[in-house]
Structures are given as C-alpha cells and as structure tokens.
Amino acid sequence: MTNQHQCIAFVGQTRLAQGSLPEVARTIRQRLDAGELAPIAVFDAETSEPIDLDVRGTPDQAAARAEAQLISREAAAQVRPGRPKLGVVAREVTLLPRHWDWLGAQPGGASVTLRKLVDVARKQGHASEGIRRTQDTAYRFMHAVAGDLPGFEEAARALYAWDRPKLETLIADWPTDVADHVRQILAR
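Before going further, it helps to spend a moment on the packing of helix α3 (residues 97-105) against helix α4 (residues 109-124). It is the contact of α3 with α4, at a shortest axis distance of 7 Å, that shows an interaxial angle of 95 degrees. In this view, α3 runs roughly perpendicular relative to α4, as classed from their interaxial angle. Taken together, the residues of α4 that come into contact with α3 (itself represented by Trp100, Trp102 and Leu103) are Gly109, Ala110, Thr113, Leu114 and Leu117. By residue class, the composition of the contact of α3 with α4 is 6 nonpolar, 2 polar and no charged.

Set out below in structure tokens:
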C-alpha cells in the first residue's frame, strides 16, 4: 500500500471518506470529534480488505499514525528471503517425489520450470482470474456493508454468476453509496 493507494470509509451504509489512508484517518478523526458514535469501517478500495486504523488524538496525529502504518507495511513487504533486487521471493513448495523427479529432469531445473508453468497458466487464465478477483473483492465489500440489505443473497449469486444486469437490478434499491462502490469495483 502506498500513499497513492486508495481506501474508503463507511459509517453504516454511507460513504464517509475516500482517498489515501492518512486523508481518510484525518476525516474519521474529525467526524469522531464532531460526535459520530456509529461504527466506522475502513476498506482497501482495491481489494475490499478491512483496514484497522488507530485514530486517537488530533486529526493531524491520526493522519501521521496512518502514514507511519503505510511506511511500516511497505518496509515489511520489502524484507523477504530470496533475491529481492531481482524480485525473487523464496517460498516453500510441497510436491510428491514423482513431481520433484520430473521437475529435476527439465532443462534449467525446478525453479525455471515452475516459473514457465506459472507464466503459461497466468496467460491462459488471465481473464477468468481477473473476474474472480473482482467478484471476491465486491463480495467482501457487499458482505461487510450490505449483508443485511434486502436481496443481498440474490445479489451475491448474481455477482458470482457474473450476471451484471441482474446484479444491477438487485442493488438498484440499496443505499446510493453502497451501490456506487459496488459499481466502482465492477468497473475495474
């Protein structure tokens, strides 16, 4: 997550703020200072993963803490085993002996062969993978913010069937901010 990365905050089913994490943290703190009592949910605007923010203190302190959170996340993401300068990350792969035997017999060895296999699979499944990620992102958001709205289950089924017209019809009566954010996710 970088400063340019967007997040979005909701109070119930109303969008409170959208922007960088520090901007959203500042807005939340201002809203709390103005007397907001309802729970505020913050999401990564790209993945709909929830974000935990510490908004204690003044709006400037909350924004500074959010900025520090971003820097900490970026630093943690950069410290990994492997060859970081090349973008190589070491991870464990568990295979059966016959798989290791086959990989070991390939030109370049196991790592080269696995990278080639992954590249081929990514090219073949690129479109369907993008749709699945979009569906999962939209569902995470819908479940968190709209899970108790009428038609949620049907909307989720339409989402995973990739029936966009039916989904549009089902979310048309939802609160504007919720429906608009679902549409933004799907528009990617």
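So, next bit.
Before going further, it helps to spend a moment on the nonpolar core. Residues Phe141, Met142, Ala155, Leu167, Ile171, Trp174 and Val178 are the most contacted members of the largest nonpolar core, which totals 22 residues. For this core, the elements supplying multiple residues, two or more each, are β1 (7-11), α5 (126-146), α6 (152-160), α7 (164-171) and α8 (176-187). In contact with Met142, not counting residues within four places along its chain, are Gly147, Phe152, Ala155, Ala156, Leu159, Trp174 and Val182. Cys7, Val24, Ala25 and Ile28 belong to the second-largest nonpolar core, a separate cluster that totals 16 residues.

The element β1 is largely enclosed, with a buried count of 5 among its 5 residues. Because side chains alternate across β1, one face comprises the buried residues Cys7, Ala9 and Val11, and the other comprises Ile8 and Phe10, equally buried. Hairpin geometry of β1 and strand β2 (residues 14-19) is characterised by an intervening segment of 2 residues between the two adjacent antiparallel strands and by a positive phi of about 65 degrees at Gly12. Sheet topology note: the β1/strand β3 (residues 40-44) ladder contains 5 bridges and is antiparallel. Counterpart to Cys7 in the pairing with β3 is Asp44.

Inspection of the secondary structure assignment puts Thr137 in helix α5. Apart from the residues within four sequence positions on either side, Thr137 is in contact with Glu46, Thr47, Ser48, Ile185 and Arg188.

Time to look at the environment of Trp174. Here Trp174 is to be found in the loop between α7 and α8. By relative accessible area, Trp174 is classed as buried at 5%. Apart from the residues within four sequence positions on either side, Trp174 is in contact with Met142, Ala146, Leu149, Pro150, Gly151, Phe152, Ala155 and Ala179. There is a polar contact of 2.9 Å between the side chain of Trp174 and the backbone oxygen of Pro150.

Rules and cut-offs
- Starting from 1, residues in each chain are numbered consecutively following that chain's sequence as written.
- The model is predicted, so local features are restricted to residues of pLDDT at least 70 and side-chain atom pairs to those at 80 or more, both for listing and for counting; the totals for chains, interfaces and linings are taken over all residues.
- Only hydrogens and water are set aside; all other atoms, that is, all heavy atoms of the structure, feed into the side-chain values.
- In this analysis an axis means a line fitted to C-alpha atoms, helices contributing only their contacting stretch, and an angle means the value between N-to-C directions, from 0 to 180 degrees.
- In DSSP terms, a helix is any run of H or I states spanning at least four residues, a strand is any run of E spanning at least two, and both are numbered starting from the N terminus.
- When an angle is under 35 degrees it counts as roughly parallel; over 145 it counts as roughly antiparallel; between 65 and 115 it counts as roughly perpendicular; any other value is oblique.
- Here, residues are in contact when the closest pair of their heavy atoms is within 4.5 Å.
- In this count, Pro and Cys sit with the nonpolar residues alongside Ala, Val, Leu, Ile, Met, Phe, Trp and Tyr, while Asp, Glu, Lys and Arg are called charged and the others, Gly among them, polar.
- By nonpolar core is meant a set of buried Ala, Val, Leu, Ile, Met, Phe, Trp, Tyr and Cys residues that side-chain atoms within 4.5 Å join together.
- Only protein chains enter the accessibility calculation, which uses a 1.4 Å probe; a residue is then buried when its area is under 20% of its type maximum, exposed when over 50%, and partly exposed in between.
- Pairing between strands requires that DSSP locate at least two bridges from one strand to the other.
- For this analysis, a polar contact is any N or O atom pair within 3.5 Å, provided that within protein one partner can donate a hydrogen and the other can accept it, and provided that sequence-adjacent residues contribute only side-chain to side-chain pairs.

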